[in-house]
Amino acid sequence: MRQNPIPLFTLGRQWPEVENEVRQALERVFATQQFILGPEVAAFEREIAAFLQVDFAVGVSSGTDALLAALMALGVGPGDEVITTPFTFFATAGTVARLGAKPVFVDISPVDFNLDATQLPKAITPRTKAIVPVHLYGQAADMDAIREAAAGIPVVEDCAQAIGTTYKGRPVGGLGTVGCFSFFPTKNLGAFGDGGLVTTNDPKLAELLVDLRVHGMRPRYVHHTVGGNFRLDAIQAAVLRAKLPHLARWNQARRENAQRYLKLFTDAGLTEIVKLPEELPDRGHTYHQYVVRVPQRDELRAFLADRGVGTEVYYPIPLHRQKCFANLGYGQGAFPEAEKAAAEVLALPIFPELTGQEQEQVVATMAEFFATRL
Ligand SMILES: *Cc1c(COP(=O)(O)O)cnc(C)c1O
């Protein structure tokens, strides 16, 4: 029997739920014909700042530009080093390189896939200008340990996969010096295009970020620093305002799906073969991705694809092994945990509207694969 395909991710099921509110929000923008920044963006910034429990939220053009603007605000430039993880989306380190600074990688912890704070001290030098932990897959990095090791060096949280994630009860984005978020459509809170956000509790940094977003301009046509076009569109802000009230419930649905996978994999007797994500205490995982470790990962992925189950590998090549970073001189084996993760991880469908029946089908198909292979 051919079963219905199960996508890794779809927005199609969310749309009917928010359609009326989003259409009304868009009509509001159409009526004003004001498309960039303006009152819609300002209102969104107030609402998201409250949600994230931060003093300042600055809407920007993407998660990448959030990182770029944050690093610019901290004065990162040629001769500086910025420490981050090699197991993340490219933008985390790409923005460092674009500013002429050097990305310095520190291996991950195999438990939560996040920057291993115990290895931070040996990477810090007098040139270290910032440290960028990533809350990968929606689970917070160990921020207390990272801040302690940083010993005053600014910490930029890459929260692109972790909106609504908490650490010891507090939302990420307000735990370091600056927080950076993405509203790429597939993130837990997605816009209708590109969008991003920078958060901080530092009023001076907030003011600088607001200026950097418009080419370092204040007042009009007076430029006191070189920034960029990092502006957020009113249309994106309107969509995000309509969706924000649903975010906590969507994140909760992802958590419930993760609980169901735990039960299904346990009942199927697969937990020895399929290493499930480990949720650490006090990290309020929001499961942007549900990532397991499996043997024969690529064969399993092809097997699932043949049977209509969508999966993805985040990320197959750690950043220190990317061609564009060859000049940094990191060889194979430089970061063994990141390399091992890159070879073993597989993201399964976890989106909020995924049904229990679909999850059963995912697990049953994996059981079928391992029944014949191991
Ligand atoms: C998505 C993502 C980004 C970049 O966000 P964009 O909005 O796509 O520019 C940065 N870091 C991480 C970890 C991400 O997942």
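Residues numbered from 1 in each chain as written. Predicted model: local features only at pLDDT ≥ 70, side-chain atom pairs only at ≥ 80, totals over all residues. Heavy atoms only, no water.

1. Quick notes on the domain arrangement of the chain
Phase 1: Under the domain assignment, the chain is made up of domain 1 (15–106 + 114–245) and domain 2 (247–371).
Phase 2: Its C-alpha centre places domain 1 at a distance of 25 Å from the equivalent point of domain 2.
Phase 3: On the side of domain 2, 32 residues touch domain 1, which itself brings 39 residues to the contact.
Phase 4: Between domain 1 and domain 2, roughly 3,000 Å² of surface is buried when both sides are summed, and carbon and sulfur atoms account for 61% of that area.
Phase 5: In this assembly, domain 1 and domain 2 are joined by 20 residue pairs in polar contact (both at pLDDT 80 or more).
Phase 6: Broken down by secondary-structure element, the contributors of at least two residues to the side of domain 1 that touches domain 2 are helix 1 (15–32), helix 4 (91–98), strand 3 (102–105), strand 6 (166–167) and helix 7 (234–267).
Phase 7: Here the side of domain 1 that touches domain 2 gets four residues from one element, more than from any other, and that element is strand 3.
Phase 8: For the side of domain 1 that touches domain 2, the class distribution of residues is 22 nonpolar, 11 polar and six charged. (Domains from an automatic or database assignment. Contact = heavy atoms within 4.5 Å. Buried area = accessible area lost by both parts, 1.4 Å probe. Polar contact = N/O pair within 3.5 Å; in protein donor to acceptor, adjacent residues only side chain to side chain. Helix = DSSP H or I, 4+ residues; strand = E, 2+ residues; numbered from the N terminus. Nonpolar A, V, L, I, M, F, W, Y, C, P; charged D, E, K, R; others polar.)

2. Observations regarding unusual backbone geometry
Phase 1: Here the bond from Arg218 into Pro219 is cis, since omega is -10°, no more than 30 degrees from zero.
Phase 2: Along the polypeptide, Pro219 turns up in the loop between helix 6 (203–212) and helix 7.
Phase 3: Each neighbour pair has its own omega, and for Tyr314 with Tyr315 the value is 5°, a cis peptide bond.
Phase 4: Along the chain, Tyr315 falls in the loop between helix 8 (297–306) and helix 9 (336–344).

3. Observations concerning the pattern of salt bridges
Phase 1: Enumeration according to the criterion identifies 20 salt bridges in this entry.
Phase 2: For the salt bridge of Asp144 with Lys168, the shortest nitrogen-to-oxygen distance reads 2.6 Å. With Asp144 in helix 5 (residues 143–150) and Lys168 in the loop between strand 6 and strand 7 (170–171), this pair connects stretches of sequence that are 24 residues apart.
Phase 3: Taking relative accessible area as the criterion, Asp144 reaches 30% and is therefore assigned partly exposed.
Phase 4: Asp211 is the partner of Arg218 in a salt bridge, and the nearest nitrogen-oxygen pair spans 2.8 Å.
Phase 5: Ionic contacts of the salt-bridge type, sharing partners, join the residues Arg28, Glu40, Glu47 and Arg241 into one network. (Salt bridge = Lys/Arg side-chain N within 4 Å of Asp/Glu carboxyl O. Buried < 20%, exposed > 50% of the residue type's maximum accessible area, 1.4 Å probe, protein only.)

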